[in-house]
Amino acid sequence: MVLSTMSVDPRDGEKYPRGNYCDRGARFGVHSSEENFHNPYYGRLTFLAYFTGGVRAWDIREPQAPVEVGFYVPESNANTNPDGYMTNNVEVDDRGYVVVVDRNGAGMDIIELHGKAKKNRPRTDKAHGDDGEDD
């Protein structure tokens, strides 16, 4: 049973200089999700790679009504092939940094959350020795 769908309208890109996500010469749509079950946002946020639509952060605390709380669409650079930047994989490390990798040669970006997404601060993890107390 499907609980919800996390879709992005490709025309949303028209608000920015790079334009419609479908008109960029490469694919648009979900490619992968982060798969680290020990990341500090687990159970609250999930991150999806949307090829030309970049990486998207979704608040999934209400599974029947997920809300997009942030996104990052990388720029192409001199190493990118003619199809442009395509966010291929996304991973979240145990510090809460989001790592996105391009499949067309542009490399890797490491980003951190801001705004609505940052309000879902990383949980403390006693299993890793973090008791939430300041030293």
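Reading guide: rules and limits
- Residues numbered from 1 in each chain as written.
- Predicted model: local features only at pLDDT ≥ 70, side-chain atom pairs only at ≥ 80, totals over all residues.
- Heavy atoms only, no water.
- Core = buried A, V, L, I, M, F, W, Y, C linked by side-chain atoms within 4.5 Å.
- Buried < 20%, exposed > 50% of the residue type's maximum accessible area, 1.4 Å probe, protein only.
- Helix = DSSP H or I, 4+ residues; strand = E, 2+ residues; numbered from the N terminus.
- Contact = heavy atoms within 4.5 Å.
- Patch = residues over 30% accessible without salt bridge, like charges linked within 9 Å, V, L, I, M, F, W, Y side chains within 5 Å.
- Areas by Shrake-Rupley, 256 points an atom, 1.4 Å probe, with all protein chains shown as cover.
- Salt bridge = Lys/Arg side-chain N within 4 Å of Asp/Glu carboxyl O.
- Lys, Arg positive; Asp, Glu negative; His and termini not counted.
- Polar contact = N/O pair within 3.5 Å; in protein donor to acceptor, adjacent residues only side chain to side chain.

Here we look at the nonpolar core
- One finds F47, V90, V98 and L113 to be the most contacted residues of the largest nonpolar core, which totals 16 residues.
- Mapped onto this core, the elements with two or more residues apiece are strand 2 (45-51), strand 3 (55-59), strand 5 (87-92) and strand 6 (98-102).
- Residues contacting V90, with those up to four places away along its chain left out, are S32, S33, E34, F47, L48, A49, V55, V98, V99 and V100.
- Judged by nonpolar contacts, the second largest core, of six residues, contains V8, L48, W58 and V73.

Remarks on a nonpolar patch on the surface
- On the surface, Y97, V101, M108 and I110 cluster together into a nonpolar patch covering about 360 Å² of accessible area.
- Along the chain, I110 turns up in strand 7 (residues 108-111).
- Of the residues examined, I110 reaches a relative accessible area of 54% and is grouped as exposed.

What to know about the side chain of R44
- By the secondary structure assignment, R44 is in the loop between strand 1 (28-33) and strand 2.
- Despite its burial, R44 pairs with no opposite charge, the nearest such side chain being D59 at 8.2 Å.
- A polar side-chain atom of R44 sits 2.5 Å from the main-chain carbonyl oxygen of P40.

Here's the deal with the pattern of salt bridges
- Considering all chains together, one arrives at four salt bridges under this definition.
- Among the ionic pairs, D9 bridges to R11, the shortest N-O distance being 2.6 Å.
- Looking at D9, the relative accessible area reads 27%, which means it is partly exposed.
- Taking the shortest distance from any N to any O, the salt bridge between D93 and R95 comes out at 2.6 Å.
- Using a relative accessible area of 18% as the deciding quantity, one classes D93 as buried.
- Residue class for R95 comes out exposed when judged on its relative accessible area of 59%.

From the geometry alone we can't say anything about function, so treat these as descriptive.
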